[in-house]
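A structural walkthrough
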Amino acid sequence: MAASRQTRGDEHLQVPPGAVVLVKSGFYEGLEVVIDRDWLVIGRGRGADMVIAEATISRAHAAIGFDVEGFYVQDLGSTNGTIVNGSKVERQLLKSSDEIQMGRLLIGVTLP
């Protein structure tokens, strides 16, 4: 996973402010998390950055990352997969208003 965290020289890329994920449906509807790092793990395990206690989500289901290409979502080998705008993906660059589905969880993305 180190390849997903690309840098310029010895410095990490600065994550631009204003990126947010918002849970759009389910028990956690309305939960909003600011993307303030270059690797934000979403899952039901205690080690996830965004912990969602949902049986259809893997312990470390997917991550929202940021690198030289921009923001992206990457599936982390989840059981039920990660879907962006209706298509199952392993890694997908994101644009504002994309919808990410992980199990029963539907997440909206707002990007700067």
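Read on for a plain summary of the structure. Per chain, residue numbering runs from 1 following the sequence as it is written. Given that the model is predicted, a residue must reach a pLDDT of at least 70 before its local features are reported, and side-chain atom pairs must reach 80 or more before they are shown or counted; all residues, however, enter totals for whole chains, interfaces and linings. Excluding hydrogens and water, the side-chain values take into account all heavy atoms of the structure.

What about the side chain of His61?
Starting at the N terminus, helices and strands are each numbered in turn, a helix being any DSSP run of H or I of at least four residues and a strand any DSSP run of E of at least two. The topology assignment puts His61 in the loop between β6 (50-51) and β7 (62-67). Working rule for contacts: check all heavy atoms of both residues, and any pair within 4.5 Å makes them a contact. Not counting residues within four places of it along the chain, the set of residues in contact with His61 comprises Ile42, Gly43, Thr56, Asp75, Leu76, Ser78, Gly81, Thr82, Met102 and Gly103.

Topic: the environment of Leu111
If you trace the backbone, Leu111 turns up in the segment after β13 (105-110). Assessed through its relative accessible area of 13%, Leu111 is described here as buried. Setting aside chain neighbours within four positions, we find Leu111 in contact with Gly18, Ala19, Phe71, Leu94, Lys95 and Ser96. A simple rule labels every residue: compare its accessible area, found with a 1.4 Å probe on the protein chains alone, to the largest value its type can have, and call it buried under 20%, exposed over 50%, or partly exposed in between.

Quick word on the sheet that holds strand β5 (residues 39-43)
Strand pairing within a sheet occurs via backbone hydrogen bonds; the two strands may be parallel or antiparallel. Pairing between two strands is assigned when DSSP locates at least 2 bridges connecting them. Strands sit in the order β6-β5-β7-β8-β11 across an open sheet of 5 strands; the sheet is mixed. In the strand order of this sheet, the two ends are held by β6 and β11 (91-93), each with one partner. Pairing of β7 with strand β8 (residues 70-75) involves 6 bridges; the strand directions are antiparallel. Looking at the pairing, Ala63 lines up with Gln74 of β8.

Brief notes about the packing of aromatic side chains
To pair, rings of Phe, Tyr and Trp, with the six-membered ring standing in for Trp, must have centres within 6.5 Å; the planes then decide the type, stacked if under 30 degrees apart, edge-to-face if over 60, and tilted in the middle. Tallied over the entire structure, the rule returns 3 aromatic pairs. An angle of 50° between the planes, with centres 6.5 Å apart, marks the rings of Trp39 and Tyr72 as tilted. Of the two residues, Trp39 sits in strand β5 while Tyr72 sits in strand β8, which places them 33 residues apart along the sequence. The exposure class of Tyr72 is buried, given its relative accessible area of 0%. Judged by centre distance (4.7 Å) and plane angle (50°), the rings of Phe66 and Phe71 are tilted. Exposure class is identical for Phe66 and Phe71. Each is buried. The ring of Tyr72 carries the charged tip of Arg91 above its face, separated from the ring centre by 3.7 Å. Sitting over a ring, as applied to charges here, requires NZ of Lys or CZ of Arg to be within 6 Å of the ring centre and within 35 degrees of the ring normal.

Concerning the nonpolar core
With 26 residues, the main nonpolar core has Val21, Ile64, Phe71, Val73, Leu94 and Ile100 as its most contacted residues. Put simply, the parts of the chain that give this core at least two residues each are β3 (20-25), β5, β7, β8, β12 (99-102) and β13. In this structure, Trp39, Ala48, Ala63 and Tyr72 belong to the second largest nonpolar core, which totals 5 residues. Put simply, a nonpolar core is a bunch of buried Ala, Val, Leu, Ile, Met, Phe, Trp, Tyr and Cys residues held in one set by side-chain atoms that sit within 4.5 Å of each other.

Focus: the pairing of β7
Of all 6 residues in β7, 6 are buried, a share of seventy percent or more. Alternating residues of β7 divide into Ala62, Ile64 and Phe66 and Ala63, Gly65 and Asp67, and every residue in both groups is buried. The pairing of β5 with β7 spans 4 bridges and is classified as antiparallel. Looking across to β7, one finds that Ile42 is bridged to Ala62. With antiparallel pairing between neighbouring strands as the criterion, β7 and β8 make up a hairpin whose turn holds 2 residues.

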